[in-house]
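Residue-level structure breakdown
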Amino acid sequence: PLMRRLLVLAFGVIQLILTARIAIDLGILPSEGDLPTLVIDLSEALASPIQAAANAMGIDFSGVPGAGIDPAILAALIGWSIIEAIALMIFARSG
């Protein structure tokens, strides 16, 4: 149970960062200051594997700045959620 809780906590933090980034992009949260800058930097790092995979497949995730949600961030949120679900299924089967 401890590993499952740590796994849920870790993915929860990832999802919180990506959701906060979406809120910043939509103008719900301020984009100025140290915390928003940290959220943007961390979310870019979390989205980079998704962007690399998209680039390899020829998909262009470049969003228009100031136009709302960055598609790479949204795809990263979905991707990390899927990875969490798979990891939780593996933990559930291994006992």
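An account of the accompanying structure is given in this report. Small disclaimer: the values here were computed from a predicted structure and weren't measured.

Criteria and cut-off values
Residues numbered from 1 in each chain as written. Predicted model: local features only at pLDDT ≥ 70, side-chain atom pairs only at ≥ 80, totals over all residues. Heavy atoms only, no water. Helix = DSSP H or I, 4+ residues; strand = E, 2+ residues; numbered from the N terminus. Polar contact = N/O pair within 3.5 Å; in protein donor to acceptor, adjacent residues only side chain to side chain. Contact = heavy atoms within 4.5 Å. Phe/Tyr/Trp six-rings, centres within 6.5 Å; stacked < 30°, edge-to-face > 60°. Buried < 20%, exposed > 50% of the residue type's maximum accessible area, 1.4 Å probe, protein only. Patch = residues over 30% accessible without salt bridge, like charges linked within 9 Å, V, L, I, M, F, W, Y side chains within 5 Å. Areas by Shrake-Rupley, 256 points an atom, 1.4 Å probe, with all protein chains shown as cover. Salt bridge = Lys/Arg side-chain N within 4 Å of Asp/Glu carboxyl O.

Describing the side chain of Ser43
Counting through the fold element by element, Ser43 comes out in helix 2 (residues 34-56). Engagement of the side chain of Ser43 in a polar contact is seen with the side chain of Arg21, the distance being 2.9 Å. Setting aside its immediate chain neighbours within four residues, Ser43 contacts Ile17, Leu18, Arg21 and Ile73.

Examining the packing of aromatic side chains
In this description, a pair of aromatic rings is defined by centroid distance and the angle of the planes. For the coordinates displayed, the defined rule picks out one aromatic pair. Look at Phe11 and Trp80: their rings are 6.2 Å apart centre to centre, the planes differ by 50 degrees, and that puts the pair in the tilted class. In this pair, Phe11 is assigned in helix 1 (residues 2-25) and Trp80 in helix 3 (residues 71-94), connecting sequence segments 69 residues apart. Look at Phe11 and you get buried, because its relative accessible area is 9%.

Some words on a nonpolar patch on the surface
A cluster of nonpolar residues, Leu26, Ile28, Leu29, Ile69, Leu74, Ile78, Ile82, Ile86, Met89 and Ile90, forms a patch on the protein surface that exposes about 920 Å² of accessible area. With respect to the helices and strands, the residue Ile86 is situated in helix 3.

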